[in-house]
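Reading the structure
This is what each chain is made of:
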Amino acid sequence: MRRMIQTPPSDDLADIPLIQLRACPHCDALYRLPEVKPRERAACSRCGAVLMAPRAGAFTRIVALSATALILMVIALFTPFLDLSAAGMHSDASIWDAAMTFSNSAMTPLSVAVAAFIIVIPALRLGLIIYTVLPLANKRPPAPYSRKAFRLADKLRPWSMAEIFVIGVAVALVKIMGMASVTPGVAFWTFGILVIVLIWQDSFLDREQVWSALDASLHKAAA
Amino acid sequence: MTDTPPPGPAEMEIRPPRRRVWQRISIIWLVPLVALAIAVGVAVKSYSSRGTLIRITFQNASGIEAGQTALRYRDVTIGAVESVGFAPDLGKVIVSVRVADDIAQYIDREAEFWVVRPEVSVRGISGLDTVLSGAYLAGNWDNIPTEEQSEFEGLEVPPLQSQNGTTITLELRDGNQISAGAPIIYKGIEVGNVGTPQLNEDGTTVLLDAVIRAPYDRMLTTNTRFWDASGFNISVGTGGLQLDVRSLASLIEGGIIFDTIVSGGEPIQPGQDFFVFEDESDARSSVFTSGSKLELPLSMVLDGSIEGLSEGAEVRYKGATIGRVTDLGTIAETDPETPSIRMLINLEIDVNKLGLSEMATVDEARDFVATLVRQDNLRARLATASLFTGSLMVELVEQPDADPATLDVDYQPFPMIPAAPAEITEFQTTAQGVINRIGGLPVEELMQAAIGALNSVQVLAGDPETRRVPSEAASLLADVRAVLTGDSVTGTLSNLNTTTDSLRRIAQQLEDGQAVANLVSAIQKANTTLTGVESASVEFPQIAQQLRQLAATANGLQIQQLADSADSLLQSADGLLSNPDTQRVPGAVSDALSEVARVLAEVREGGAIGNVNEAISAAEQAANSINLAAQDLPALADRASRILDQAGTTVSGYGSDSRFNVELVTALRSLQDAATAVTSLARSIQRNPNSLLLGR
Amino acid sequence: MSVNIPTAREAGLVACTRCGLVHERSTARCTRCDSRLQSRDTRSLQRVWAWWAAGLIAFIPANIYPMLLTSTLGSTTQSTILAGVVELWAHGDPPIAIIVFLASIVIPVGKFLAIGFLAAAAHRRRFMSLHAQHRLFEVVEFVGRWSMIDVFVVAILASLVQFNLVATVNPGIAAICFALSVAFTMQAALAFDPRIIWDD
């Protein structure tokens, strides 16, 4: 349920403590921080960008789902991903094989990049998020460098391409399916579930919520 | 500082009630727990179902890739190579293979491992799929789980598949024509293979492991003999040219055939030794002799040419082969007065073929031969082996009238048996002689005489007069018929009868009177009448006979002769009768008969007899000379046909339906089939390379 | 309908783009998330154009050079992105062909056009309403990463189909060029400050 929040213009602007003001990152419109109930979403009146979308019990859930995602990623890395058999011949590939395939030719940097996109960066993000949110979930003071950690996680967000990889695998499978028989391994299904978990986790992750909580506990700690 | 009253009791800190455990912990934690459980479960399962590790050593690891190469048993993948490493001394390669547990329990000490690589041999290409899919390891073990072992030594060469057959050892004198994997053939079907040839310990014979597949291994007894069927055999003998090609495989890579020669042998043990003979006849005859091949070497020295004698030529005694020629050479007689070069022939006589007992030694054989030389004048001489090719053999014969001689046991290198003059028939001179004799036959004169006789006969037959005979006989017959159908026949018959009766009466009455001459003339007149109506009645033959008799009494021998000739002419006229003219039978016969009448009339005149007689005697002479010639001809033809037969069988050996041709054609046909198959495979691969991938 | 909504800039304040907190104009770093505060980056458009140009330059070899090298039984076929799409279409896989076409051709080209347009029209309202421009930016931002599908497809195919002689697929040079192109355009979109759309 979205509610457009409007703030009357600047008359009492000076009275409002800065901490209660927010601006839309997209269009710079100025707003007063509203009360947003869980599952409600606060959006910018001008450009429509969603600014706040808190969830109840978000932190615990975020940590749990991130941990799940990490475990699933470990499984996906160490179990067979795809098995191809055609005319009695047999070939198999793991996710790591898929990433490293470019290193056989002259395109080793691309192997590094692909490995980063589908393995390293998602895993790193998950780790950083757990690092940041876990103390918040337990209502403890945040870990050192939490802010840097969460900021890095946020910066890396566009570069985490695990779900794109899954679609890519689907396309590739369709391409080969006519020619040979492909057996998906444990890693295949695990990776699919991983992507679902990531999307689920993402729905709980509201930046405003985390930053506020971080801010509050930092101030509390300072105080 | 003033005294302050002691502070009052402090307030305890009251903490809010703690929520119960399960209220505190959100249900979301189930999710990671499940994930963790799955992860652990998967890890444990994959570790425990990993399989057992076995290590196999090889000389090199060509085609073996860690993580890729599979281990197969009966073509089913049961494991994979995990890693490839070196032995501590770098002398061998150790391949670590992980095998599924349920199969690993059967891998015991007798398990064998080898690498399956593509093999191209004349048998065909085996393991072709390894070209595309990479080499793989194959293993062989029995299905009895005994004590497990994990260190093995790999075989460099795939072993013989002896699971369902009997293994035997074959011994060959010369392994030249046998290659590994060559077939063993029984009655034309392939029942087994040989392995790789190896030398025995002292390098004198070649040993082969062979396996005969079940159920054919039941045929093996101690009386089974093996012989070499490699390549093809061409022999030229009295039967002509013979080509023996067994199969395409044996043509190129050799093959061994066996047969159980006689029954009553005992079953064999696995690994039993068998000797492989050079050819079938050797093998078969060896049943009746023992297996030992003791040879008695001898020499003989000759003057004169030994052209036509070669190494391996047979040594025969009374027609039976008892040995062979091993060596040909020369000896120089360095006597200064009569220096000469003489021919030296070394022989080898099979001790058993001499008929001595099985226990006989070479010395005993030698003494036996010495006795024969001394007492029975046994000598050695060259003889013709094959008339056709002019090859020679050595013959041992007893020559009762030869000078006494002995076996020179001290001669080097072998004891020398005295020689006798050669008995060589020169085919060329024989043939030449036969041809000369044929040439000497007076064939041309015979031909001339025959031609002359035939000419005369032809003239006679071509004479229009002769030609007219059938038509005239036919017309005579027509007249006779007319007469026959007339009403006056019976009357004529009775008249005839009465005439005959009255003639008799007149004859009797005129017995005394001198009316004989009158009678004769009367008879002659009646003759003419009667000849006219000779066949007037049904009793024609009788009348004809009477007439003949009458004519005979009247005209004598000449008429008889003439009648005979006329008879024969008539017989030949039979042939003439079959020409269209004689379709009108009556006319033709009457014509003939009238002609005969005319001739007879002439005969009466006595004029033409001589001509006819001359003609007839000329014909007779011609016929006689033809006869004589014809009597000679069969004998000549016989001889010629005998020679032609001989040549003919030889020639027919090349004929289109001869065995030689058949064999050659079948061999060529199988070559052609193989080539066609390869071409079509290559073409289909070229057309559709995906078919290899997709298997379509 | 547009209500005159004050912007932080107008109010003399500066907002953090990462966490939304508003600060005094002169503050250098956000107090909450410690990211750099910039009211408007004068050089941001330059950066956008630079990344955009780099992406465009990388896009050309990505389409000229082959993306996939397929060798079947010794005969090698090289196929570029376009050729791959055509082949998929011809092989009776239209849906997948469309997906690949979209991801590998339409989206990158569209991104170039969109970002170029947005950067060019940044201070002007000429062709599109502000809302529409903003929409366009959101779409570009969301869709940009999905062009990487093609690179992943190549990675999977090349790693799976390795059958020595019978069939081998190897990645071509276009793969790395295409990946660079996508990365550059993503970076161009990231460097673009959407606030300048609304600024004029």
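Summarised in this report is the structure supplied together with it. (Residues numbered from 1 in each chain as written. Chains lettered and ligands numbered in written order. Predicted model: local features only at pLDDT ≥ 70, side-chain atom pairs only at ≥ 80, totals over all residues.)

**Topic: unusual backbone geometry**
All names here are of chain B. Of note, the phi angle at Arg74 is positive, near 50°, even though the residue is not glycine. Mapped onto the elements, Arg74 comes out in the loop between strand E2 (70-73) and strand E3 (76-86). A count of 9 C-beta atoms within 10 Å places Arg74 in the exposed class. The phi angle at Lys318 is positive, at roughly 50°, despite the residue not being glycine. Along the chain, Lys318 turns up in the loop between strand E21 (314-317) and strand E22 (320-333). Classification of Lys318 as exposed rests on a count of 9 C-beta atoms within 10 Å. (Helix = DSSP H or I, 4+ residues; strand = E, 2+ residues; numbered from the N terminus. Buried ≥ 20, exposed ≤ 12 C-beta atoms within 10 Å, placed from the backbone.)

**Quick notes on the nonpolar core**
Core analysis: the largest hydrophobic core is formed by 141 residues, its most contacted members being Ala155, Leu157, Ala175 and Ala179 of chain C. Sequence-distant contacts of Ala155 of chain C, that is, excluding residues within four places in its chain, are made with Ala98, Ala99, Thr101, Phe102 and Val114 of chain A. Among the nonpolar cores identified, the runner-up in size contains 31 residues, and Leu298, Val373, Leu382 and Ala420 of chain B belong to it. (Core = buried A, V, L, I, M, F, W, Y, C linked by C-beta atoms within 7 Å. Contact = placed C-beta atoms within 7 Å.)

**Topic: the interface of chain A and chain C**
Chain A puts 54 residues into the contact, and the matching count from chain C is 52 residues. Ranked by residues supplied to the side of chain A that touches chain C, first place goes to helix H5 (residues 162-177) of chain A with 10 residues.

**Section: the environment of Pro184 of chain A**
Residues and elements named next belong to chain A. Considering the arrangement of structural elements, one finds Pro184 in strand E8 (residues 181-184). Judged by C-beta crowding, with 15 C-beta atoms within 10 Å, Pro184 ranks as partly exposed. With 102 residues separating them along the chain, Pro184 and Leu82 place their C-alpha atoms 4.6 Å apart. Here Pro184 is in contact with Leu82 and Trp189, once residues within four sequence places are set aside.

**Notes on the sheet that holds strand E4 (residues 93-99) of chain B**
Strand pairing in a sheet is mediated by backbone hydrogen bonds. Such pairs are either parallel or antiparallel. Residues and elements named next belong to chain B. Read across the sheet, 7 strands follow the order E5-E8-E2-E3-E4-E1-E9 without closing on themselves; strand pairing throughout is mixed. On the outer flanks of this sheet lie strand E5 (112-116) and strand E9 (151-153), each paired with one strand and no other. Averaged over all pairs of adjacent strands, the angle between strand axes in this sheet comes to 30°, irrespective of strand direction. Across 5 bridges, the pairing between E5 and strand E8 (residues 136-140) is antiparallel. Across the sheet, the residue bridging to Val116 is Tyr136, located in E8. (Pairing = 2+ DSSP bridges. Axes fitted to C-alpha atoms, helices over the stretch in contact; angles between N-to-C directions.)

**Some thoughts on the pairing of E3 of chain B**
Residues and elements named next belong to chain B. With 4 bridges joining them, E2 and E3 adopt antiparallel strand pairing. When the bridges of E3 are listed, Leu71 appears paired with Gly79. Connecting the antiparallel pair E2 and E3 is a turn made up of 2 residues, with Arg74 showing a positive phi of about 50°. From the end of E3 to the start of E4, which pair antiparallel, there are 6 residues, and Leu90 there has a positive phi angle of about 60°.

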